[in-house]
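Close look at the chain arrangement
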Amino acid sequence: MLTPRKLKHRKWHRAKVRGIATKNTTLGFGDYGLKAITGSWITARQIESARRAMTRFVQRGGKIWIRIFPHHPVTLKGGEIRMGGGKGAVDHFIAEVKPGSMLFEMGGVTEEQAIEALRLAAHKLPVKTKFVKKN
């Protein structure tokens, strides 16, 4: 799973997904891509699950680029713990995805393969997505 090697601060404020994406909105590497239509948090587990679904479908053919990275730590306190006692420990990492962000890209496969592989990946994610291709 994806996790940052090093963080400036161990615990961060909660992430808020506001506005639309201005960076990472077009295809940069591959011929086909999966673009977010809605914004949300995407966990490292969801990214890994989508990557596995795509890789398995294309039978390790072609090339896949992951255009998002989970930098943001999310803390959780244990179950049945009373109020107070400070902030909980870091539980997992998330990527804050804004509408219009490119999530994944593919190259070296046919368009039909790319459509199906990215459709399978989209089912693993908590955002609405659309398929895009290079003109």
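Below or above, wherever it landed, is the structure these notes cover. All of these numbers come straight from a predicted model, not from anything done at the bench. Note that residues are indexed from 1 along each chain, following the sequence as it is written. A pLDDT threshold of at least 70 governs which residues receive local features in this predicted model, and a stricter bar of 80 or more applies before side-chain atom pairs are shown or counted, although totals over entire chains, interfaces and linings include all residues. Excluded from the side-chain calculation are hydrogens and water; included are all heavy atoms of the structure.

**Section: the sheet that holds strand 4 (residues 72–76)**
Basically, it comes down to this: By this definition, two strands are paired if DSSP reports at least two bridges between them. Strands here mean DSSP runs of E at least two residues long; helices mean DSSP runs of H or I at least four residues long; both are numbered from the N terminus. Note on geometry: axes are C-alpha line fits, over the in-contact stretch for helices, and angles between N-to-C directions span 0 to 180 degrees.
Within the open sheet, the three strands sit side by side as 2-5-4. Their pairing is antiparallel. Looking at strand neighbours, the two that pair on one side only are strand 2 (40–43) and strand 4, the edges of this open sheet. On average, each strand axis in the sheet is tilted by 50° relative to the strand beside it, whichever way the strands run. Bridge analysis of strand 2 against strand 5 (residues 89–97) gives four bridges, and the strand direction is antiparallel.

**Brief notes about helix 1 (residues 44–57)**
Under the convention used in this document: Take the number of residues in a helix, subtract one, and multiply by 1.5 Å to get its expected span. Throughout this description, buried means an accessible area under 20% of the type-specific maximum (1.4 Å probe, protein chains only), exposed means over 50%, and partly exposed covers the range between. Throughout, a residue-residue contact means that at least one pair of heavy atoms, one from each residue, lies within 4.5 Å.
Taking 1.5 Å as the rise per residue, helix 1 with 14 residues should run 20 Å; its terminal C-alpha atoms sit 20 Å apart, in good agreement. Taken as a whole, helix 1 has its buried residues at Ala 44, Ile 47, Glu 48, Ala 50, Ala 53 and Met 54. Residues of helix 1 that are buried make contact with strand 2, strand 3 (63–66), strand 5, strand 6 (102–107) and helix 2 (111–122). Once helix 1 finishes, Gln 59 follows within two positions and takes phi at roughly 50°, a positive value.

**Quick look at the nonpolar core**
In plain terms, the rule: Buried Ala, Val, Leu, Ile, Met, Phe, Trp, Tyr and Cys residues form a nonpolar core when they are joined through side-chain atoms within 4.5 Å.
Residues Ile 42, Leu 103, Phe 104, Met 106 and Leu 125 are the most contacted members of the largest nonpolar core, which totals 22 residues. Among the secondary structure elements, those contributing two or more residues to this core are strand 1 (32–36), helix 1, strand 5, strand 6 and helix 2. Looking at which element gives the most residues to this core, the answer is helix 2, with five residues. In contact with Ile 42, not counting residues within four places along its chain, are Ile 47, Ile 68, Phe 93, Ile 94, Ala 95, Val 97, Leu 103, Leu 125, Pro 126 and Val 127.

Note that all results are geometric; they support no functional claim without further evidence.
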